[in-house]
Each structure stands twice: as C-alpha cells, then as structure tokens.
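Letter by letter, the chains look like this.
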Amino acid sequence: LLALQCKKDENFPQWYTDVIKLSEMIAYYDISGCYILRPWSYKIWEMMQDWFNVEIRKLGVDNCYFPLFVSQDRLEKEKDHVEGFAPEVAWVTKSGDADLAKPIAIRPTSETIMYPAFSDWIKSHRDLPLKLNQWSNVVRWEFKYPTPFLRSREFLWQEGHTAHATYDDAQVMVMQALDLYRRVYEELLAVPVVRGYKTEAEKFAGGHMTTTVEAYIQGSGRAIQGATSHNLGQNFGKMFDIKFQDEKGESQIAWQTSWGLTTRTIGVMIMVHGDDTGLVLPPRVAPIQVVIVPIISKKLPMEQAKPYCEAILQELEELGLRAKFDDRTMYNPGWKYNHWEQKGVPVRIEVGPRDIEQKQARCVLRYNGDKIDVNIDGIATILKDKLEDIQEKMFAKAKEARDSHVVQVTEWKDFVPNLELNNLMLTPWCGGEHEDWEEWVKTTSREESLKARGEEGEDEKTATSLAAKTLCIPFDQPELPEGTKCIASGKPATCWVLWGRSY
Ligand SMILES: O=C1CCCN[C@@H]1CCCn1cnc2cc(F)c(Cl)cc2c1=O
Ligand SMILES: [Mg+2]
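Residues numbered from 1 in each chain as written. Chains lettered and ligands numbered in written order. Predicted model: local features only at pLDDT ≥ 70, side-chain atom pairs only at ≥ 80, totals over all residues. Heavy atoms only, no water.

Q: Honestly, empty space enclosed by the protein in this entry has me stumped. Any pointers?
A: Rolled over the atoms, a probe with the dimensions of a water molecule shows which regions are left empty. All chains considered together, the criterion is met by 1 cavity of 30 Å³ or more. Its boundaries defined by the atoms lining it, the largest cavity holds a volume of some 30 Å³. As for the largest cavity, its lining consists of V194, E214, A215, Y216, A223, R402, L424, L471 and L498. Looking at the lining of the largest cavity element by element, the count peaks at 3 residues for strand 10 (residues 209-217). Each residue belonging to the lining of the largest cavity can be placed in one class, and the counts come to 7 nonpolar, no polar and 2 charged. (1 Å grid on protein atoms, 1.4 Å probe; cavity = no way out; pocket = protein on both sides within 12 Å on 5 of 7 lines; lining within 4 Å. Points joined across faces, edges and corners; volume = space filled by probe spheres on them. Helix = DSSP H or I, 4+ residues; strand = E, 2+ residues; numbered from the N terminus. Nonpolar A, V, L, I, M, F, W, Y, C, P; charged D, E, K, R; others polar.)

Given below as structure tokens:
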C-alpha cells in the first residue's frame, strides 16, 4: 500500500484503515480485535501519559500497579453489575496442560481487584483521601466489529480510583479528572469535546453518576465517548466494606470516584484531523514536528547539504522541537515528501541549492499545504511559533466542524432528518428514565432512518448503528423556556440533552 485507496469522504472506514497503516501507527495481528501499536502511535500515547502524570501528581494522585488477574469469586462479588458484562470477560482456565482449580479472569477493569485492598488500607479519616492511578492494559472480549484504537479486545488506559470522606470531596475529584480529559483532547489533540452527565440509561450502572467528554467525528457524522469520570457514591464502599472512623469516632462509608482514558484517544485524533493524503498530527503530540529533507543533485551534493541541514536541526533541537534530518540516500525527495506527509509531520523543511545560496529554507505546512521561505537565521523561533499557530488553527477548524453540526431541535419531525444530515441534536428532555423514553427514541430513530433510506429490515448491525442515543446532558445548558415539552414524551422538559449516532 503506497497511497490511500479512497478519499476520506468516499469511504470513511476504509480511509481510516488505510491511514493507520500508511502512517505506520498500527500493524495487524492474527488474533481478531488485537493490534500492534507501532512506535509512531506509541510515542503519542507516551506523550499523553507524560502530560497526564504531571497533572495528576498536582492533584495528589499516586501511580501504582495492581495484578492483571482477578479470581472468579472477587470478580463476581457485585453479581448484578457484572452479569451484563459477563460475555466479555476473558478467563484463564489452564496452565500448561493442567486445568486450574478455579478459572481466573483477566481484568476488564480493576474495581474488584483494587477495592478489597482499599478496605484494608482505609480505617481512619486520616487515611483519606486515597488517590491512586494505574496505567495498564485491559481485556474485554467485545463482539462488535473491532477497529484499531476505537474498539479492540485489549487496549491501554489509565484508571484512576479514589476514596474520600465526603460526597463533595469525591465530586471535586470527578470534575478535576474530567477537566484533565477535556484538556487532553482540546490542548493536546486539538479536538473539541462536549462535557456533560450521562443519562441514567447510559451511566455506569455501578456508580452514582457518570460524567463524560463527547467528541464529534465529521467523517462519519457520529459522536464518540472520549473518556469518563464517575462519582461512585458509597456503592462500592458498601460492597467492599470500605469504612473509616470519622473525627467523632463514628464509622462512615467512604465516598469514591473512578475515571478512565484509553488509547481510543489516538483514533479520535486520527479521524478528526486526517485528510486525503493521510495523518495530520497536532504539533503538541507529533513524535516529529519538523523533518528536514535535502534536495540532493549535481548542483547540491550531500557533502554540501549535510552541514547546512545539521545546523538547522541543532537549532531546532536547542529550542526543544522534535526534529529529524532525513539524510537517507536510497530515497529521493519526492518519496520523502510523500512518506512524511502520510505520517502527518506538521512541518517539512526543503533545502535545495537556491536555499543554501540565499541562506533560507522552504517550509511546507502539513495541515494546510502553505509554503513559506524562511531565513535560516532564527528559523527555530519562527517554526516554534508556527507550530503553536498550527495547533490553534487545527483546533479552531475542528471546533467549527463540530459546532456547525450541533442543532437545537424541539419537534420530533425534525429529529431523523437532522440525523441524516450527520448532525448532533440538543433537544428538550423530560429525563425520561421511568418510562424509558430513551429506548423509544433509539427504536423510533432507527426505524425512521431505515424508512428515510428506503431500506426496510436493514441487517441488524447497520440498523442498530442508525439509532440515535443520548451522548450527555451538557453542563452548558441553553435557556429552557417555561412549559417547553420533551421532544419524545411531550412531558414538561427538565433539561436539554444531546443526541447523536455514536460509536
Ligand atoms: O469507566 C471506568 C473508568 C475506569 C475504571 N472503571 C470504570 C467503570 C468501568 C465500567 N465497566 C466497563 N466494562 C466492564 C467489562 C467487564 F467485563 C466487567 Cl466484569 C466490568 C466492566 C465495567 O465495570
Ligand atoms: Mg463496553
């Protein structure tokens, strides 16, 4: 595969698969749903980890590491909550050719692994708050169609787990974690997100309340959950006997949170920013921000180009930029241009004979193709500023694409037509839990989508994916005029909820 087989707006799933291969981010593996993260994507994960570790340390969170395995007894401690997930739990049943006495599960998440230890460690209010995080892999044997980064059977994540003396302290932690997630997306990945609460139907059943950051993928017209932060209330404290003596010597149950961000972040960044040439990397997370390509010919032998290029490289590195001088002789400049464009490197510096004569360099910007001739005196400062400008412009462009696809809708007749326009919809909502109006919207929006497309009885997968679901109740609520009716139930609306087709 030397170039993308299709345009981003022709066949989005195919485009995505080609981009992650061409940019050398992913390699495939013989076990379905498992992928190799090559250095080009793993370096991005490492930069997110580095940033996140600095930030959680400021919040008093310590990193730790708990075992990969969990006994069946422990995993199934919270019977009701686990049973919904049971089909996706991976089990170890043998060692060698001998059966294990009891099967052992591979962690799909670590509550049942961590919280018995929390119960041992927390006795007094002086042991609170307890704030731990772990970077690990988790395994969930998903059956939906697997997609690298977005839905894989093993993925990398961080999971934060904290315990507090009061509900309010826990809620502060929930919101601090959520804001870190917003910043990972908006400041590092240049992807705008909507922050809000999950509805009762969509929240983590084991918790008290779930908050989320939701991104918009223009290529598919779908929303995607970017990360999630839960207020667990005292649910797990009761289940795992996590109690503490308060100042008055009274026994209290701890208030907890948990929060997670996964390698799905990388897939979101690819889908939002990629174009018909390939990956377009936000400078903040680009493993290489600037690549220098010499245009070697009889007029400019490598001996003459090398010192000139190496001087530029050194100046860039001294300013903290991640730069590379591509001095390979077996590839010509055109091949190198294509290679680094497909990998999404933000800035390419071309150095030809004329550039050296005029003590300048031709800089090409990946995100919009601009070509600028820059004096090599001070080139590093100019490019450092240019990279910051690129980061801002990429965010602004993604924000415009998202904002132009969010519409307020108050009447049901406008709901599916907007789905068909790849829009997300803010609608008045009665909070519809009790009569499960959310299920009604899912079912009805799927049926009406099929009809709108003249495809009765579409195969289950597509049909389901045509259904709209609630993404969140945005923290940022528009005015809700007195007497506004819920778009589904017609009952008095209590808030605005954001709907969309989603991943
Ligand atoms: O979302 C987060 C943030 C990080 C820590 N965990 C929570 C809740 C995870 C929900 N969840 C998600 N998926 C699961 C899959 C499973 F197979 C089992 Cl047994 C349990 C779960 C499960 O509890
Ligand atoms: Mg799941």
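Next, the rest of the story.
Q: Where do I start with the pairing of strand 8 (residues 154-164) in this structure?
A: The side chains of a regular strand alternate between the sheet's two faces. When you tally the buried positions in strand 8, you get 9 out of 11 residues, the bulk of the element. The pairing of strand 7 (residues 130-139) with strand 8 spans 10 bridges and is antiparallel. Its bridge partner lying in strand 8, N137 is registered against L156. With 8 bridges joining them, strand 8 and strand 14 (residues 255-262) adopt antiparallel strand pairing. (Buried < 20%, exposed > 50% of the residue type's maximum accessible area, 1.4 Å probe, protein only. Pairing = 2+ DSSP bridges.)

Q: Explanation requested: helix 14 (residues 437-452) in the structure shown.
A: For an α-helix, 3.6 residues make a turn, and residues three or four places apart therefore share a direction. With 16 residues, helix 14 should reach 22 Å at 1.5 Å per residue; the first-to-last C-alpha distance of 22 Å fits that figure. For helix 14, the set of buried residues is W437, E438, V441, T444, S445, S449 and L450. Positive backbone phi, approximately 65°, marks G454, located one or two places after helix 14. (Expected span 1.5 Å × (residues − 1).)

Q: Even after reading the chapter, I still don't get the pairing of strand 21 (residues 424-429), so can you show me in this structure?
A: Most of strand 21 is tucked away, with 6 of its 6 residues classed as buried. Summarising the sheet, strand 20 (residues 406-408) and strand 21 pair through 3 bridges and their orientation is parallel. Following the sheet pairing, V406 is matched in strand 21 by L424. Here 5 bridges tie strand 21 to strand 23 (residues 495-500), and the two strands are oriented antiparallel to one another. Bridging across to strand 23, L426 finds its partner in L498.

Q: How should the site of ligand 1 be read in this particular structure?
A: In the vicinity of ligand 1, 17 residues are found, and the nearest of them are H81, F85, T109, E111 and H230. A distance of 3.4 Å separates a nitrogen atom of ligand 1 from a polar side-chain atom of R140. Mapped onto the shell around ligand 1, the elements with two or more residues apiece are strand 8, strand 11 (222-233) and strand 14. Among the residues making up the shell around ligand 1, the classes are represented as 6 nonpolar, 7 polar and 4 charged. (Near = heavy atom within 4 Å. Polar contact = N/O pair within 3.5 Å; in protein donor to acceptor, adjacent residues only side chain to side chain.)

Q: For this particular structure, what's the right way to read the packing of aromatic side chains?
A: The relative placement of two aromatic rings is captured by the distance of their centres and the angle of their planes. A complete count under the given rule lists 23 aromatic pairs for this structure. Centroid distance F52 to Y181: 5.9 Å. Interplanar angle 10°. Geometry classified as stacked. On the criterion of sequence distance, the pair formed by F52 in helix 2 (residues 39-58) and Y181 in helix 6 (residues 167-188) is long-range, its members being 129 residues apart. By the burial criterion, F52 is buried, and Y181 matches it. What links up through ring pairs into an aromatic cluster is the set F66, Y115, F118, W121, F204, F236 and F240. A cation sits over an aromatic face here: R153 above F143, 5.7 Å from the ring centre. The lysine or arginine in question, R348, covers the ring of Y337, its NZ or CZ lying 4.0 Å from the ring centre. (Phe/Tyr/Trp six-rings, centres within 6.5 Å; stacked < 30°, edge-to-face > 60°. Lys NZ or Arg CZ within 6 Å of the ring centre and 35° of its normal.)

Q: Would you mind going over the sheet that holds strand 5 (residues 91-95) with me for this structure?
A: Strand pairs in the sheet, formed through backbone hydrogen bonds, run parallel or antiparallel to each other. As summarised here, the arrangement of the 3 strands in space is 4-6-5, forming an open sheet in which the pairing is antiparallel. Two strands lie at the open edges of the sheet, namely strand 4 (69-71) and strand 5, each paired on one side alone. Looking at each pair of strands side by side, their axes are set apart by 50° on average, direction ignored. (Axes fitted to C-alpha atoms, helices over the stretch in contact; angles between N-to-C directions.)

Q: What should I look at first to understand the environment of G454 in this one?
A: Mapped onto the elements of the fold, G454 is located in the loop between helix 14 and helix 15 (460-466). Assessed through its relative accessible area of 63%, G454 is described here as exposed. Counting along the chain gives 307 residues from G454 to T147, while the straight-line C-alpha distance between them is 28 Å.

Q: What exactly am I supposed to notice about unusual backbone geometry here?
A: Peptide bonds are, in most cases, trans, and in most cases residues other than glycine have a negative phi. At the junction of L128 and P129, the peptide bond is cis and its omega measures out at 0° in the coordinates. Relative to the helices and strands, P129 resides in the loop between helix 5 (111-121) and strand 7.

Q: Looking at this structure, how should I read the sheet that holds strand 7?
A: Within the open sheet, the 11 strands sit side by side as 3-7-8-14-11-10-9-22-23-21-20. Their pairing is mixed. Strand pairing shows two members of the sheet lacking a second neighbour, strand 3 (62-63) and strand 20, which therefore form its edges. As judged from the 2 bridges shared by strand 3 and strand 7, these two strands associate in the parallel manner. When the sheet's bridge partners are listed, D62 is paired in strand 7 with L132. Helix-sheet contacts for helix 2 involve strand 3, strand 7, strand 8 and strand 14, and the interaxial angle to strand 7 is about 165°. (Contact = heavy atoms within 4.5 Å.)

Q: What should I look at first to understand the pattern of salt bridges in this one?
A: Pairs may arise between side chains of opposite charge once their charged atoms sit close together. Following the criterion strictly, the structure yields 30 salt bridges and no others. Ionic pairing is found between E186 and R182, a salt bridge with its closest N-O pair at 3.1 Å. In this pair, E186 and R182 are both assigned in helix 6, 4 residues apart and thus about one turn of the helix distant. Of the charged contacts, one joins D414 and K413 as a salt bridge, the two residues approaching to 2.9 Å between their closest N and O atoms. On the accessibility criterion, K413 (56% relative accessible area) is exposed. Residues joined in a network through salt bridges with shared partners are E55, K58, R183 and E187. (Salt bridge = Lys/Arg side-chain N within 4 Å of Asp/Glu carboxyl O.)

Q: Help me understand the layout of surface pockets in this model?
A: Of the voids in this model, the second largest pocket is the one considered here, and its volume is about 410 Å³. Residue lining of the second largest pocket: 19 residues in total, with K8, Q218, V272, H273 and K397 positioned closest to the centre. Counting only elements with at least two residues in the lining of the second largest pocket, the list comes to strand 10, helix 8 (264-273) and helix 12 (379-403). Sorting elements by how many residues they give to the lining of the second largest pocket places helix 12 first, with 5 residues. Looking at side-chain class alone, the lining of the second largest pocket contains 10 nonpolar, 4 polar and 5 charged residues.

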